[in-house]
Amino acid sequence: MNIHPYHSFDLTVSQMQEIQRELRKKIQETPDINQPKIVCGVDLSYWEDQAVAVITGMDYATKEIVETITYTDTVSHEYIPGFLAFRELPLFLKAWEQLKLEPDIVFFDGNGMLHPQRAGLATHASFFIQKPTIGIAKNHFIGTYDPPGETQGSYEYIRDQGEIVGAVLRTQTGIKPVYVSVGNQINLSNAIDLTMHFVGKHSRIPEITRQPDLLSKKIRRELQTKR
């Protein structure tokens, strides 16, 4: 898959902040989109100075895995709170280059607009891959919200500084929720509906991000054992 080289990664913190401010102005929350055919999910796992990026492609209608890409390399950027995208994107983009099927939408294990600068990993990635993106986070990052109902599919909006930046979504009845946010080129209603479409029977995490999460952890364990 092609990549639009939005910026380099040899950056100072002030430069990274400026890029986030620029991205925030360019986010597009588009009207409802057509039903996708191929959807991808992305996850990364870390150990020591290494990381593995996994992209799992699924057929939207059947939810069957149709392509899997993995890429392992040394991590070139330290973790700085609020700037995770600058650490993860270089590895993700190397995996993305290997992808053969063209996805209509990409889910990330992380945040989109649910970020202090509205430019989390899912948002940031969209400007490189030129695709609609959605962030699915396991933990609350910013903003306030009322608890969603206990039944599957219940949700409440998350607000930060008076702005709706995501939704807390109950994907399984009586189970801890997940946090959904727009990355780019999609609206929050679509993001919630698409997330629920990929919810399986065994986890609160939708299968589109759960499967790459499971594989990235499996690869991490195997590589750690070999050392």
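Quick caveat: nothing in here was measured; it's all calculated off a predicted structure.

## Examining helix α4 (residues 188-197)
Right, on to step 1. The set of residues buried in α4 consists of L188, N190, A191, I192, L194 and T195.
Right, on to step 2. Check the buried side of α4 and you find it contacts β4 (105-109), β5 (133-137), β6 (155-160), β7 (163-169) and β8 (178-184).
Right, on to step 3. Its side-chain oxygen at 3.2 Å from the backbone nitrogen of S189, N187 defines the N-terminal cap of α4.

## Concerning the packing of helix α2 (residues 84-96) against helix α3 (residues 121-129)
Helix-helix packing is characterised by the crossing angle of the two axes and by the distance between the axes.
Right, on to step 1. Between α2 and α3, whose axes approach to 10 Å, the crossing angle comes to 40°. Judged by the angle between their axes, α2 and α3 are oblique. α3 is crossed by α2, and the crossing has right-handed handedness. Mapping the contact onto sequence places A85, F86, E88, L89, F92, L93 and W96 in α2 and L121, H124, A125, F128 and I129 in α3.
Right, on to step 2. Of the residues that constitute the contact of α2 with α3, the class distribution is 10 nonpolar, one polar and one charged.

## Overview of unusual backbone geometry
Right, on to step 1. Notably, Q161 is not glycine yet its phi reads approximately 55°, a positive angle.
Right, on to step 2. With respect to the secondary-structure elements, Q161 resides in the loop between β6 and β7.
Right, on to step 3. For Q185, which is not glycine, the phi dihedral falls at a positive 60°.
Right, on to step 4. By the secondary structure assignment, Q185 is in the loop between β8 and α4.

## Quick look at the packing of aromatic side chains
Right, on to step 1. Counted by the stated rule, this structure contains 10 aromatic pairs.
Right, on to step 2. With centroids separated by 6.3 Å and ring planes inclined at 65°, the aromatic side chains of Y6 and F128 adopt a geometry described as edge-to-face. Highlighted residues: Y6 in the segment before α1 (13-26) and F128 in helix α3, separated in sequence by 122 residues.
Right, on to step 3. Taken together, a centroid distance of 5.1 Å and an interplanar angle of 75° make the contact between F92 and F108 edge-to-face. Of this pair, F92 sits in helix α2 while F108 is found in strand β4, placing the two residues 16 residues apart along the sequence.
Right, on to step 4. Classification of F92 as buried rests on a relative accessible area of 1%.

## Regarding the environment of L93
Right, on to step 1. Take L93: it is sitting in helix α2.
Right, on to step 2. With 22 residues separating them in the primary sequence, L93 and Y71 have C-alpha atoms 9.3 Å apart.
Right, on to step 3. For L93, the contacting residues outside a window of four places in its chain are I3, F9, F128 and I129.

## Some words on the pairing of β4
Right, on to step 1. Across the five residues that make up β4, a large majority, five, are buried.
Right, on to step 2. The alternating pattern of β4 places I105, F107 and D109 and V106 and F108 on opposite faces, both of which are buried.
Right, on to step 3. With four bridges joining them, strand β1 (residues 38-47) and β4 adopt parallel strand pairing. Its bridge partner lying in β4, V39 is registered against I105.
Right, on to step 4. Bridge analysis of β4 against β5 gives four bridges, and the strand direction is parallel. Looking at the pairing, F108 lines up with G135 of β5.
Right, on to step 5. With respect to chirality, the unit in which β4 leads through α3 into the neighbouring parallel β5 is right-handed.

## Notes on the UniProt feature "site: Interaction with target DNA" (unreviewed entry) in the chain
Right, on to step 1. Taking the numbering used here, the UniProt-annotated feature "site: Interaction with target DNA" (unreviewed entry) corresponds to Y79.
Right, on to step 2. Summarising the element assignment, Y79 is placed in the loop between β3 (65-74) and α2.
Right, on to step 3. According to the relative accessible area criterion, Y79 is partly exposed, its value standing at 48%.
Right, on to step 4. When sequence neighbours within four positions are dropped, the list of residues in contact with Y79 reads L84 and R87.

Criteria and cut-off values
Residues numbered from 1 in each chain as written. Predicted model: local features only at pLDDT ≥ 70, side-chain atom pairs only at ≥ 80, totals over all residues. Heavy atoms only, no water. Buried < 20%, exposed > 50% of the residue type's maximum accessible area, 1.4 Å probe, protein only. Helix = DSSP H or I, 4+ residues; strand = E, 2+ residues; numbered from the N terminus. Contact = heavy atoms within 4.5 Å. Polar contact = N/O pair within 3.5 Å; in protein donor to acceptor, adjacent residues only side chain to side chain. Axes fitted to C-alpha atoms, helices over the stretch in contact; angles between N-to-C directions. Parallel < 35°, antiparallel > 145°, perpendicular 65-115°, else oblique. Left-handed = near helix turned anticlockwise from the far one by under 90°. Nonpolar A, V, L, I, M, F, W, Y, C, P; charged D, E, K, R; others polar. Phe/Tyr/Trp six-rings, centres within 6.5 Å; stacked < 30°, edge-to-face > 60°. Pairing = 2+ DSSP bridges. Right-handed = clockwise from strand over helix to strand, strands pointing away. UniProt positions renumbered as here; feature names shortened; annotations may be inferred.

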